[in-house]
Amino acid sequence: AVSLMSPPGFERRPLTIVEPGPRWDERDGSFEQEAILDLVASRGRLEIDDLKRTLGLKRTGALNSLVERGVLNRVYELDRPRLGPKVVTYVELAISKSEAEQLATAPGQKRSRQADLLDRLAESGSLSLIDARSVAGGMAALNRVVSSGAARLDDSHLSLAIAQGESRLRAADLRLTAASRQRNSALMYLARQDQPIPYPTLREDADVTRLTLEKMEREGLVRLSDVPSERDPLAGKSFETVARPVLSSEQSRCVDEIAAALPTGGSFLLHGVTGSGKTEVYLAALEAAVAAGRRGIILVPEISLTPQAVQRFSQRFPGRVAVLHSGLSQGELYDQWHGIRDGRFDVVVGARSALFAPQPDLGLVVLDEEHEWTYKEADRQPRYDSRAVASKLAALTGAVVVAGSATPRVESYYAAASGRARLLSLDQRVASAGSTRPPKSLPLPLVEVVDLREELRAGNRSVFSRGLREGIIETLARKEQVILFLNRRGSAAFLLCRNCGFVPRCSSCGLAFSFHGGEEKLICHRCNRRRSPYPACPRCRSPYLRPMGAGTQRIEDEAARLFPAARLLRWDRDVTQAKGAHERILERFLRGDADILIGTQMLAKGLDIPAVSLVGVVNADVGLNMPDFRAAERTFQLLTQVAGRAGRANAPGRVIIQTYLPDHYAVTAAAEHDYKAFFDREIEQRRKLRYPPFRRLVRLTYAHTSEEAALREADRLAAELRRETRRRGRSDVEVVGPAPAYVPRSRGRYRWELLLKGIEPSEILDQATLGQSWSVDVDPVSLT
């Protein structure tokens, strides 16, 4: 937990050092002890691991004996920090330019037979073979001059093949030592400069080593100076300063309420339809905080959204924006963290972990797209929820928390409706008209739901319905952009033998492999295990092993076939492994370098792409029937958010949702942009089934290489927890399970789960016996 709030590179390895002790002179002992003492005597002091490795020691009995006798001391230290400030060495002349040029052109002192031969040839033009061999001291040096192209050899004469001046320059160069050559190169290069040069530049351009420069400094020829250099992730980026636009009446009301709470603190839920200008509210609220001498932290749910957020805030707070996320280098993180602590930035923009930035005078914390599950750390301890941590941080610092979303979590909206947070609403989609005119109102995109069952009855087995295909053709003809959304990557969900029903599965996880056509690989999306596709079914040898279901790669292939003139761009995890990949893809699409953007849930996370007028949801049912009480909420959020990418500028927006469940309330509410209708239906379901926000959950997962051992341990803990609930009289706490996890085997370990459901169910874990193989997740974001 402490590491979350510590500076990057703070980890320092503990070292155990041995050194001569107070009784060092009493050096009588075994052969092994003498070997240890000889090594310590030669080194003075050294780390125990180095000593054991050097001498091949398997045991430390001899070493311990020397320490006990006082011959050696054992001391403990911390290793050097892995990170520190970056320093760049600058080089400049310590003599005049004319002196440098004179030194650089002075003749060298090294004796060279080849140089003597070139000088004689420069004087006479040619030499007899006998004279040339005499000057060169033999045929070896003579042949090297010929092979260099400086001279020609015939039967009896050696003649010059280059100009006389060039011959003398080559001779002078041959009389230089390697160090002199480097020195002269550096002097000539620096004599042409008007300011100090970074050493890496000098090394690259003049081929000079650091050792040569340090010798030149001792000789008084150059000066070396170390200058701190910041590793700035925004270096090289320029942001045009933008004045604050005129706000709508709704936006102004929200900003006024937030600004009024800055002196005392408070918590707000900003519920605004997609495109309603929530970011402008954040910007104006931050301006109010800065005017009051406070600073802010702006959280976005994904690294992919930080470039757009950094641009928006840098345009209004030029030079005063820091960025923190795991996609930065360790050096960049180090410099940004220390710059934040020193108070150089008004605002920190970043993903989940940026909440722990040491921002002084904190006055405002914003969680944009607060509904996103990525705000919860779900993979490692501590499994914190940024929303809960932000509330606690605000309570400690007196800051204001603003959580914003077009589709807030059911728990968040229920808390606001119950008075535990103040609800702010933006019901109108707007487009800024600049700093002098009020924003103009925009309509929400028109949503059409396509029943895929009807498409099948009509004989259409393509991944694109007839309406979606026609819509794409019309949009491309208008030179507008299209987004195609499918929350599944790869070419196919799985392979199926149509003869015997065999499905290739990961040997570690038991999950069906997904087929990735671009790589021609079967990939497990749980553990990333990969293998080549089978040439035939391994069970029945049938050739009918066929891909089933569709992923983003399949959509890309189909779109390329149906719309050959369209420029395609794909955005999913498979193409965003490299640093900066998210930013490059978004920049290309914003520039208009692609007509169709195909991607997964990354597309549904608050992107503002003005030229997009059509959004196609290829299959809205992915995830809708997952065994998770949040499945309907997730589907509604994804559909509403991705639909909100259309029609954010002048072109009217159109959304086509393809589904096999057109009557599901998550689909119908998303099509109507009606969050309240969805919330009313969902909250009743939660109330009946006693799920959050009416109960809290604790998910306990046990993993073991033996299935029997995993089940036995899960049964033991379930019985212990049930006894504990009875002993405490906690009838409100329900122990559910054990049951196999949704992914029953992962990375070769069988997984069984228990679920605690109650008002404060984690309290009954106080006395429970949990080993390291149990993982505990309080308030899990998913049960799958």
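Description of the structure in this document. (Residues numbered from 1 in each chain as written. Predicted model: local features only at pLDDT ≥ 70, side-chain atom pairs only at ≥ 80, totals over all residues. Heavy atoms only, no water.)

Let us look at the overall build of the protein. Helix and strand counts for the protein stand at 25 helices and 33 strands. Looking at the protein as a whole, 48% of its 784 residues are labelled buried. Sequence separation of 24 or more characterises 74% of the internal contacts of the protein that already satisfy a separation of 6 or more. Summed over all atoms, the accessible surface of the protein reaches about 37500 Å², with 49% contributed by carbon and sulfur. Within the protein, the 98 negative side-chain charges are centred at a point lying 4 Å from the centre of the 114 positive side-chain charges. (Helix = DSSP H or I, 4+ residues; strand = E, 2+ residues; numbered from the N terminus. Buried < 20%, exposed > 50% of the residue type's maximum accessible area, 1.4 Å probe, protein only. Contact = heavy atoms within 4.5 Å. Areas by Shrake-Rupley, 256 points an atom, 1.4 Å probe, with all protein chains shown as cover. Lys, Arg positive; Asp, Glu negative; His and termini not counted. Charge placed at Lys NZ, Arg CZ, Asp CG, Glu CD.)

Spatial strand order, E31-E32-E30-E33: four strands in an open sheet with antiparallel pairing. Edge positions in the sheet fall to strand E31 (734–746) and strand E33 (774–778), since each has one partner strand and no second. Direction aside, neighbouring strands of the sheet carry axes that sit 20 degrees apart on average. Pairing analysis gives five bridges linking strand E30 (residues 696–704) to E33, with the strands arranged antiparallel. Following the sheet pairing, Val698 is matched in E33 by Val778. (Pairing = 2+ DSSP bridges. Axes fitted to C-alpha atoms, helices over the stretch in contact; angles between N-to-C directions.)

Summed over the entire model, instances satisfying the criterion amount to one cavity of 30 Å³ or more. In this model, the largest cavity occupies a volume close to 60 Å³. Surrounding the largest cavity, Phe485, Asn487, Val617, Asn619, Ala620, Val622, Thr635, Leu638 and Leu639 form its lining. By residue number, the principal contributor to the lining of the largest cavity is helix H22 (residues 631–643), which donates three residues. Grouping the constituent residues of the lining of the largest cavity by class yields six nonpolar, three polar and no charged. (1 Å grid on protein atoms, 1.4 Å probe; cavity = no way out; pocket = protein on both sides within 12 Å on 5 of 7 lines; lining within 4 Å. Points joined across faces, edges and corners; volume = space filled by probe spheres on them. Nonpolar A, V, L, I, M, F, W, Y, C, P; charged D, E, K, R; others polar.)

Turning our attention to the sheet that holds strand E20 (residues 481–485). The six strands are arranged E19-E29-E28-E20-E27-E26 in an open sheet whose pairing can be described as parallel. Each edge of the open sheet carries a strand with a single partner, namely strand E19 (446–451) and strand E26 (568–571). Along the sheet, successive strands turn relative to each other by an average axial angle of 15 degrees, direction set aside. Both E20 and strand E28 (residues 612–617) contribute to a ladder of five bridges, which runs parallel. Opposite Val482, over in E28, you have Leu614 as the bridge partner. Across the sheet, helix H20 (residues 552–562) touches E20, E26 and strand E27 (596–599), and the angle it forms with E26 is around 175 degrees.

The subject of this paragraph is the packing of helix H13 (residues 278–291) against helix H14 (residues 306–316). Where H13 contacts H14, the axes come no closer than 11 Å and their chain directions differ by 40 degrees. As judged from the angle between their axes, H13 and H14 are oblique. Two packed elements cross with a definite hand, and for H13 against H14 that hand is right-handed. Seen from H13, the contacting residues are Thr279, Glu280, Tyr282, Leu283, Ala284, Leu286 and Glu287; seen from H14, they are Arg312, Phe313 and Arg316. Residue classes in the contact of H13 with H14 are distributed as five nonpolar, one polar and four charged. (Parallel < 35°, antiparallel > 145°, perpendicular 65-115°, else oblique. Left-handed = near helix turned anticlockwise from the far one by under 90°.)

Okay, unusual backbone geometry next. The omega torsion of the bond from Gln381 to Pro382 falls at -5 degrees, within 30 degrees of zero and hence cis. Mapped onto the elements of the fold, Pro382 is located in the loop between strand E14 (362–368) and helix H16 (386–397). A cis amide bond, omega 15 degrees, links Gly737 with the succeeding residue Pro738. Position of Pro738 among the secondary structure elements: in strand E31. In this structure, Asp207 is a non-glycine residue whose phi angle is positive, near 55 degrees. Assignment of secondary structure puts Asp207 in the loop between helix H10 (199–206) and helix H11 (210–218).

This part is about the environment of Ala186. Among the secondary structure elements, Ala186 is positioned in helix H9 (residues 178–191). Judged by its relative accessible area of 0%, Ala186 falls in the buried class. When the C-alpha positions of Ala186 and Ala100 are compared, they lie 9.2 Å apart, and in sequence the two are 86 residues distant. Not counting residues within four places of it along the chain, the set of residues in contact with Ala186 comprises Val208 and Met216.

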